[in-house]
Amino acid sequence: MSNFIAPEVKKFVVWDYIVFAALFLVCASIGIFFAVKERKKKTSKEFLVGGKQMTCGPIAFSLTSSFMSAVTVLGTPSEVYRYGASFVLFFLSYALVIIFTAELFLPVFYRSGITSTYEYLELRFNKMVRFAATLIYILQTILYTGIVVYAPSLALNQVTGFDLWGSVAATGIVCTFYCTLGGLKAVVWTDAFQMIVMVAGFVAVLIRGTTLNGGSTKVWEDAYEGSRLSIFDFDVDPLRRHTFWTIVIGGTFTWLGLYGVNQSTIQRCISCKSEKHAKLALYLNLLGLWTVLVCAVFCGLVMYTHYKSCDPWTADFISAPDQLMPYFVMDIFSSMPGVPGLFVACAFSGTLSTVAASINALATVTFEDLVKKGFPNLSEKMSTWISKGLCILYGVLCTSMAAAASLLGGVVQASLSIHGMCGGPMLGLFTLGIVFPCANWKGAVGGLVAGITLAFWAGTGSFIYPAPPTKSIPLQLSTLNCTLANSTGVLTTAAAPTAAPDRPLLADTWYSLSYLYFSAIGCLGCATTGLLISFVTGPTKGEDIPPVLIKPVCNLFCFWSERLKASLWCGVRHGSQEVDFEKNLPKVIANKTGSDDIFKSKTKENKRQFPDYNPKEKSYTNMSKESRL
């Protein structure tokens, strides 16, 4: 029980509900608009990837909105408030992630003409690898989406009085509604609108909070005095929760698993009308990521200035750190009805965009990788209806999974841990296929198993045996100016010391690794094991691999010697890749697969696609349609 009297913080009023409801209404309307507009030409391809006619602008907004979820809106300011502004170092991680995605992974996925990223794994390895990766992705995405739905709903419920399960149900229903009706185009344009709402919410909080606390100079001075600006900690200890190295290296691996090989990202990139537009969307998205990150970090600093003498978490005014941001908003906007509703709309914009992207990506992966494999002769009309049915199914599953999310810890760490444990091995698997021509399917399967085992071993161990407090101590927080309750002193009685629980030998080493390293462990474990198994069982011959499936990264390091580059291509015929795509890819695939249906269909699809390759721009352009969004 708290020794302090909590100040009165108002709950939601009618105007707040009106502003919040307007967000859901606009999102649902966008779904209806695209359902009506394109009802006559809605094939499964049009529904799932927008007919590959999207432009870079809305895709960039969509990517930023989807991956800057309510986890960012609520979790990042709380992290900065408690641990300092070192979180801003993620701007380096984001930059590295976007460069690797745009220059290494995207060209391979876009040029191979796939709809699901896991189609690539069958083209490169075999069906078994594709099926295993698809199942892991489905599990990862449902778990993550559960956190994204539940965490903001709980935080907002306990602070604003907003109904917990009402908000969970509303999120699931609205997302499922506009995904099912409008497909990818509805998701993308809704995300663009939600990105604007998200930034508007942050800006409103920053302006009001800074004004109430004496201006930006005062905020900066208080943050400096409170050690919140100690950003560059170059300690190489991998057990430390956040240092320069854990954020830049571990954060890059974690977010690369999210961006570089994630179906939700790649699906939107390949929906662009050309490879050039897809790359531009990624780089524009980087500006969006930086903008939201800076807003979230500064919100954390403003919040620290406001509560530096009376921390609501230490004083037990709130029950979890993730409630700090909504508590702060209800506090500073208590005299401005409707503005708290804007912030809640900001938080739920992140939730809606992430959940919608997940539902659409899950439907695409399931349809392309599972349904079409079992029923290859489905009509277009039936394919479209099945795709919509899958959207409804995954909408229900992701909403239901929100109940399980209550068992996990802080939203930032929980969400990134899941992505690290599942995304790291997947990143290693795709890296094996794209970078190493010698890797074979046995190495891919063995590497994936090894990566998953290592990542889940470390992640599960850290959940059961949390790291010692010395590795993740929050910065000092004060309750000096909190109003004391009338107390008889009973609460100050010291409890009898308890014996420290027994911890296994690995608890203070392996299980105490920073959660940001889970992805690196899974990725490196998968790639290393995969290469070893491939060499032991006989590496794949480069001549048997279509050049479009391999990215010759050695060209960057051996640019001075054509002979050295050719020797490192391991037999893959990269020398005439731009002009020989049409000749090489169908021929090799046909020889490799015989009567396999997917490769026959991919051959036809790639034959249609290759004439649209523009060697001057080194990108593909779909010139068959003149309509633009």
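Given the structure is predicted, the values throughout are model-derived calculations rather than measurements.

### Description of the overall build of the chain
The helix and strand inventory of the chain stands at 22 helices and 2 strands. Out of the 629 residues in the chain, the part that is buried amounts to 59%. Taking the intrachain contacts of the chain between residues at least 6 apart in sequence as the baseline, contacts between residues at least 24 apart amount to 87%. Of the accessible surface of the chain, which amounts to about 25,600 Å², a share of 67% is contributed by carbon and sulfur atoms.

### A short note on unusual backbone geometry
Unlike most non-glycine residues, S227 shows phi in positive territory, near 65°. Along the chain, S227 turns up in the loop between α9 (216–225) and α10 (244–259).

### Notes on the side chain of S93
Within the fold, S93 resides in helix α5 (residues 90–111). Of the residues examined, S93 reaches a relative accessible area of 0% and is grouped as buried. Contacts of S93, omitting those with residues within four sequence positions, involve I247, V248, G251 and T252.

### Some details on the packing of α9 against helix α12 (residues 275–307)
Orientation of α9 relative to α12, taken along the N-to-C sense of each, is 80°, at an axis distance of 9 Å. Considered as vectors, α9 and α12 are oriented roughly perpendicular to each other. Residues K218, V219, W220, D222 and A223 of α9 pack against F298, L301, V302, Y304 and T305 of α12.

### Some points on the pattern of salt bridges
One pass over the structure, following the stated rule, counts 12 salt bridges. Between D369 and R130 there is a salt bridge, and its shortest N-O distance comes to 2.5 Å. Here the residue D369 occupies a position in helix α14 (residues 339–374), and R130 occupies one in helix α7 (residues 127–160), the gap between them amounting to 239 residues. Taking the relative accessible area as the measure of exposure, D369 reaches 6% and is therefore buried. A residue is classified by how much of its surface remains accessible, and R130, at 3% relative accessible area, is buried. In this structure, D235 and R240 form a salt bridge, with 2.9 Å as the shortest nitrogen-oxygen distance. Note on D235: relative accessible area 30%, which makes it partly exposed. Connected through shared salt-bridge partners, E103, R111, E275 and K279 make up one network.

### Looking at α9
Buried residues of α9: V219, D222 and A223, and no others. Projected down its long axis, α9 carries its buried residues within an arc of 100°, all on one side. With respect to the buried face of α9, the exposed residues turned more than 90 degrees away are T217, Y224 and E225. Buried residues belonging to α9 abut α12.

### Looking at the packing of α5 against α10
α10 packs onto α5 with a crossing angle of 40° between their chain directions and a minimal axis gap of 8 Å. For the element pair α5 / α10, the angle class is oblique. In the packing of α5 onto α10, the handedness of the crossing is right-handed. Residues F90, L92, S93, Y94, L96, V97, I98, F100, T101 and F105 of α5 form the contact with α10, whose participating residues are F244, I247, V248, G251, T252, W255, L256 and Y259.

### What about the packing of aromatic side chains?
Scanning the entire structure with this criterion turns up 21 aromatic pairs. Taking the centre distance of 5.6 Å and the plane angle of 45° together, the rings of Y118 and Y137 count as tilted. Of this pair, Y118 sits in helix α6 (residues 117–124) while Y137 sits in helix α7, placing them 19 residues apart in sequence. Neither residue differs from the other here; Y118 and Y137 are each classed as buried. Ring-pair connections join several aromatic residues into one group, and the members of that group are F87, F90, Y94, W255 and Y259. Here the basic side chain of R241 rests over the ring of Y83, its NZ or CZ set 4.5 Å away from the ring centre. Note that K388 overlies the ring of W385, its terminal NZ or CZ placed 5.5 Å from the centroid.

Here is what the cut-offs are and how they apply
Residues numbered from 1 in each chain as written. Predicted model: local features only at pLDDT ≥ 70, side-chain atom pairs only at ≥ 80, totals over all residues. Heavy atoms only, no water. Helix = DSSP H or I, 4+ residues; strand = E, 2+ residues; numbered from the N terminus. Buried < 20%, exposed > 50% of the residue type's maximum accessible area, 1.4 Å probe, protein only. Contact = heavy atoms within 4.5 Å. Areas by Shrake-Rupley, 256 points an atom, 1.4 Å probe, with all protein chains shown as cover. Axes fitted to C-alpha atoms, helices over the stretch in contact; angles between N-to-C directions. Parallel < 35°, antiparallel > 145°, perpendicular 65-115°, else oblique. Salt bridge = Lys/Arg side-chain N within 4 Å of Asp/Glu carboxyl O. Arc of directions from axis to C-beta. Left-handed = near helix turned anticlockwise from the far one by under 90°. Phe/Tyr/Trp six-rings, centres within 6.5 Å; stacked < 30°, edge-to-face > 60°. Lys NZ or Arg CZ within 6 Å of the ring centre and 35° of its normal.

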